[in-house]
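Structure at a glance
Okay, here's what each chain looks like letter by letter:
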Amino acid sequence: MSVLPAEELRTADRTEGQGSQRGRAKAQPALQALPTVRRRQRGLIAGVLLLLLSALGAVLAVNIHVANSQYQVVQLTNQHRDLVHQNQALAQQVQFLESPQSLSNSAVTVGMVMPATAGTFDLHSREIVSSAEEASNSQVPSNFVGAPGYSQPETAAADVAEQAEAAPSGVLGAGALHTLTETPAGENGAGSQETVTRAGSALNGGTIPAPDVTE
Amino acid sequence: MARTLSLRMRIGLAIVLAMLVVLGGRLFHIQGLDPAGHAQDAVSNRLHTVELPAARGNILDSQNRLMASSADHYDIVADPRLIGEYTVADEALGLQRPVTIEQTAQELATILDREYSEVLEALTAEEIHYSVIARSVTPEVHQQVMALRAPGVYSEPVSERTYPAGSVAGSVVGFVGSDGPLEGIERAQDEALTGEPGERIYEVGADGVRIPTATYEETPAQDGQDVRLTIDQDLQWFAQEAIAAKANEYNAQWGNATVVDLREGSEGEILTMADSETVDPADPAATDELFRRPLALTQSFEPGSTGKSVTFAAALEEGVVSPEDQFTVPFRLTVDGETFRNARSHADYQMTAAGIYARSYNTGTILIGNQLDDQTRYDYLRKVGYDAPIDIGLGIDGESYVRPPEEWDRRQPMTTQFGQGYEGTVMHNVQLYQMLATDGVKHPLRIVDATIDPDGTEHPVASEPEQVFSPETSEEMLKLMEGVVEYGSAQGAQIEGYRVGGKTGTAEAASQTGGFDGYTINFVGVAPLDDPQFLVSVTVHRPAGQFGDWDLTDTFNDIMTHTLTSYDAAPSEEESEAYDGFVGERQDYPW
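Residues numbered from 1 in each chain as written. Chains lettered and ligands numbered in written order. Predicted model: local features only at pLDDT ≥ 70, side-chain atom pairs only at ≥ 80, totals over all residues.

Here we come to the overall build of chain B. Scanning chain B for helices and strands turns up 18 helices and 27 strands. By the compact-globule yardstick of 25 Å for 591 residues, chain B is too spread out, its C-alpha radius of gyration being 36 Å. Scored against the burial criterion, the 591 residues of chain B give a buried share of 46%. (Helix = DSSP H or I, 4+ residues; strand = E, 2+ residues; numbered from the N terminus. Rg over C-alpha atoms; globule rule 2.2 N^0.38 Å. Buried ≥ 20, exposed ≤ 12 C-beta atoms within 10 Å, placed from the backbone.)

To continue, consider the overall build of chain A. The number of helices and strands found in chain A is six helices and two strands. Sequence-ordered secondary structure for chain A, helices as α and strands as β, is α-α-α-β-β-α-α-α. Put simply, 55% of the contacts in chain A that link residues at least 6 apart link residues at least 24 apart. (Contact = placed C-beta atoms within 7 Å.)

Turning to the interface of chain B and chain A, a few remarks are in order. Counting residues at the interface gives 34 residues for chain B and 31 residues for chain A. Of all the elements in the fold, those that place two or more residues in the side of chain B that touches chain A are α1 (2–33), β3 (66–78), α5 (139–147), β7 (153–162) and α9 (233–249) of chain B. The element that contributes the greatest number of residues to the side of chain B that touches chain A is α9(B), accounting for seven residues. Taken together, the residues of the side of chain B that touches chain A break down into 15 nonpolar, ten polar and nine charged. (Nonpolar A, V, L, I, M, F, W, Y, C, P; charged D, E, K, R; others polar.)

Before going further, it helps to examine the sheet that holds strand β10 (residues 198–203) of chain B. The pairing of strands in a sheet comes from backbone hydrogen bonds and takes either a parallel or an antiparallel form. All names here are of chain B. Spatial strand order, β1-β10-β11: three strands in an open sheet with antiparallel pairing. This sheet does not close on itself; its edge strands, each paired only once, are β1 (47–52) and β11 (216–219). Across this sheet, the average inter-strand angle for adjacent strands is 15 degrees, counted without regard to direction. In terms of strand pairing, β1 meets β10 through six bridges, oriented antiparallel. In the strand pairing of β10, leucine 47 is matched with glutamate 203. (Pairing = 2+ DSSP bridges. Axes fitted to C-alpha atoms, helices over the stretch in contact; angles between N-to-C directions.)

Residues and elements named next belong to chain B. The strand order β14-β13-β27-β26-β25 describes an open sheet built from five strands, whose pairing is antiparallel. If you trace the sheet from one side to the other, it starts and ends with β14 (269–275) and β25 (501–510), each paired once. Taken over all neighbouring pairs, the strand axes of this sheet differ in orientation by 10 degrees on average, direction set aside. Looking at chain direction, strand β13 (residues 254–261) and β14 are connected through six bridges and run antiparallel.

Residue and element names in this part refer to chain B. With omega at -20 degrees, the peptide bond leading from alanine 527 into proline 528 counts as cis. With respect to the helices, strands and loops of the structure, proline 528 is situated in the loop between β26 (516–527) and β27 (534–541). One non-glycine residue, arginine 149, lies in positive phi territory at about 55 degrees. Along the chain, the position of arginine 149 falls in the loop between α5 and β7. A positive phi angle, close to 60 degrees, is found at alanine 169, a residue other than glycine. If you trace the backbone, alanine 169 turns up in the loop between β7 and α6 (170–173).

What follows concerns the pairing of strand β16 (residues 326–329) of chain B. Residues and elements named next belong to chain B. Covered by surrounding structure in β16 are Phe327 and Val329 only, the residues Gln326 and Thr328 on the alternate face being uncovered. Bridge count between β16 and strand β19 (residues 349–352): four bridges; the pairing is antiparallel. Bridging from a neighbouring strand, phenylalanine 327 pairs with methionine 351 of β19.

A word on α9(B). The first and last C-alpha atoms of α9(B) sit 24 Å apart over 17 residues, in line with the 24 Å expected at 1.5 Å per residue. Backbone geometry just downstream of α9(B) places Asn251(B) in the positive-phi region, at approximately 50 degrees. (Expected span 1.5 Å × (residues − 1).)

On to the confidence of the model for chain A, then. All names here are of chain A. When the pLDDT values of chain A are averaged, the result is 67; 51% of them are 70 or greater. Within the model, the stretch residues 151–159 combines pLDDT values under 50 with 14 contacts to residues more than four positions away or in other chains. Considering only residues more than four positions removed or in separate chains, one finds that residues 211–215, a stretch of pLDDT under 50, has two contacts. (pLDDT = per-residue confidence, 0-100.)

Time to look at the packing of helix α11 (residues 308–318) of chain B against helix α13 (residues 362–369) of chain B. All names here are of chain B. Between α11 and α13, whose axes approach to 10 Å, the crossing angle comes to 35 degrees. For the crossing formed where α11 meets α13, the hand is left-handed. Side by side, α11 and α13 meet where Lys308, Thr311, Phe312 and Ala315 of the first sit next to Thr365, Ile368 and Gly369 of the second. The residue makeup of the contact of α11 with α13, split by class, is three nonpolar, three polar and one charged. (Left-handed = near helix turned anticlockwise from the far one by under 90°.)

Our focus in this paragraph is the environment of Ala239(B). All names here are of chain B. Counting through the fold element by element, alanine 239 comes out in helix α9. Spatially, the C-alpha atom of alanine 239 lies 72 Å from that of aspartate 34, the residues being 205 residues apart in sequence. With residues up to four places along the chain from it excluded, the contact list for alanine 239 reads Ala257, Val259, Thr272, Ala274 and Ile559.

A separate point is the pairing of β10(B). Looking along a regular strand, one sees side chains alternate from face to face of the sheet. Pairing analysis gives four bridges linking β10(B) to β11(B), with the strands arranged antiparallel. Paired with Tyr202(B) across the two strands is Tyr216(B), which belongs to β11(B).

Glancing now at α11(B). Residues and elements named next belong to chain B. Along α11, ten of the eleven residues are buried, which leaves the element largely enclosed by surrounding structure. Every buried residue belonging to α11 is among Lys308, Ser309, Val310, Thr311, Phe312, Ala313, Ala314, Ala315, Leu316 and Glu317, and all of these are buried. Looking at the buried positions of α11, the neighbouring elements they touch are α12 (353–359), α13, α14 (374–383), α16 (426–437), α17 (471–486) and β25. Just downstream of α11, glycine 319 is the residue with a positive phi angle, here 75 degrees.

Mapping Glu264(B) onto the fold places it in the loop between β13 and β14. Measuring from C-alpha to C-alpha, the distance between Glu264(B) and Pro532(B) comes to 9.4 Å, with 268 residues separating the pair along the chain.

Here we take up the confidence of the model for chain B. Residues with a pLDDT of 70 or more make up 99% of chain B, whose mean pLDDT is 90. In the predicted assembly, ipTM is 0.75 and pTM is 0.77.

With respect to the helices and strands, the residue Arg81(A) is situated in helix α2 (residues 34–98). In this structure the C-alpha to C-alpha distance between Arg81(A) and His124(A), which are 43 residues apart in sequence, comes to 60 Å.

Below, the structure is given as structure tokens:
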């Protein structure tokens, strides 16, 4: 632009003012007071400019922060969604394993049989109402009801297994997966206490590990 | 010099100002007035609306175990207008590598396990902007598809049903097709299970990332209600195994085992409705059509001797007979020119009414039933629920037909007394014994316990009890039923420690072509009789073999014993109250 910077204009004015002072001192007396006003104005302008700049800077910083946080939010949302899906897949696996026919199959594989008649006592008359019978080895539950079908077995089951392998110890740990897929041999009394404390320290008392934000 | 500069500057400033005014005016014209709708177009181009699907409610059993649930799945869809060649950064080459539509289709086909040609067709369809490539894929597959970053390929979240219990109560739970629920609770309770979908509106930049400070509106979805059934999943499984074993043993067409709760406060709740074969809701097509819906409602048959209970209860209620009244019961009896026989030949017996019921003699039943007129007996049949559809909350009407007395043929006045000449379902049969066991009060059978809001508020399903028989009649009927198990036709139903009562039934099954072929056999029992808590009904249709070969009491015994122990029912403290069957000291007359 063809406009002179304000500073130059001011100096030009000042030199012009000083030159004419000698010749026409009486003609323009009011001009004397101006330089002091201008000096004050300069400070004000600088202050305003500084304020403007800092405000601009602050707005910029806040904006950059908001934008960055937004990306972080998106990332965390995705991570949350992934964890929800992982949780869903694991919950599904547990539900399928909890179904009566799966439990029955697991029980048969570890050699359990159907219970025989239970004995009952009458505590008032101190009499045996019915006597108990010994369960017979041949009383294996029948297997007419098919095991529940996974809707998409290969993806759901396999992927969770991989995820769980890599997860820290605790609920998602490889040990937990082992108890899910391999039926426990009935010795969980001693080991369970230890698992709980380990899970407690790694999961801060919760059941889901804290999200990893380092990626 | 200064003057000319100032003048030029002023002119320049004026021109700049004028231009600014023009530009400002134009900006206001375009952005503010927006006559051509460009600004609106731009916003709507950036605006992205995503439907937030409402989670479909779960179906739970009586112990809140999951029977049907929903998982997040995705539909993979394409906008063919946006599909084209695109480039991806190839890390190995360090270059941008072009990807053609064919390559995209090939990669999608591999990930989605679809035909290449189908995928390519979906991607290149003309003049549409929405074509579905794959429905309901798992989150893992969805991630692989999104990792391709192919422009024009989107995903839409959908809810996929999972059935953790598989075919345990499969026909009760029902299933969902691609266009909506098809059967069972999924269909009957669809309104409660479905929620209100929500919506999320936001602006996206050209790179597809949301613009942080721009418009963002979200209407949250209203999730559907959970539905809790009266079914006990574990007991259901046990009963399904037991009835399947029985149907298998007799090579029958079908079998059904039903357990009903009679305990105070939950009378009429169906704990188990087990069929010999049951659909797995995850794969309904794999099961024969007959077994996709509950047999206890879809199959009607002549009840046979279990229907004698209506005649006896009506006679007791009307006061025309009492359990110890004496009758001379012949093997053969001719009434109005029609002859009726018992199942096996025997001499004339001096019997009580209780004995006739226990041994299930047709001739004796006619002697008792004929003390009531046809219309009265017909009215009682209707009172207990026959000749009217029965709905237990599944949206399926169990059918029953009884002709009115004026349409009866010459035999029907007598045959209807022992459960022939009319039809009903297992549920009709069960409803009859339910009211006989609970002081004569009919508690409508039901399978939905409550609907549960997402915040946990429960809405129990109400039922209206109705007094049909007097408590005295009910009490006498239980004593008659005890005789059946103690010395009558169902001695195999005895359970050590508990007083058990019941009634057997056998009827000829109507053939498709007219006439009869095969039989329907059933047994309904109640225990413990001093305070009836559970009712178990076992029915088997068209078993192979001859009349008299079959026995259902072992299956009843297994299921009832399991139920009593599962629910910690206390053994009976009282002695049997069954009446003597024969007049005099001797009770062991041959069959």
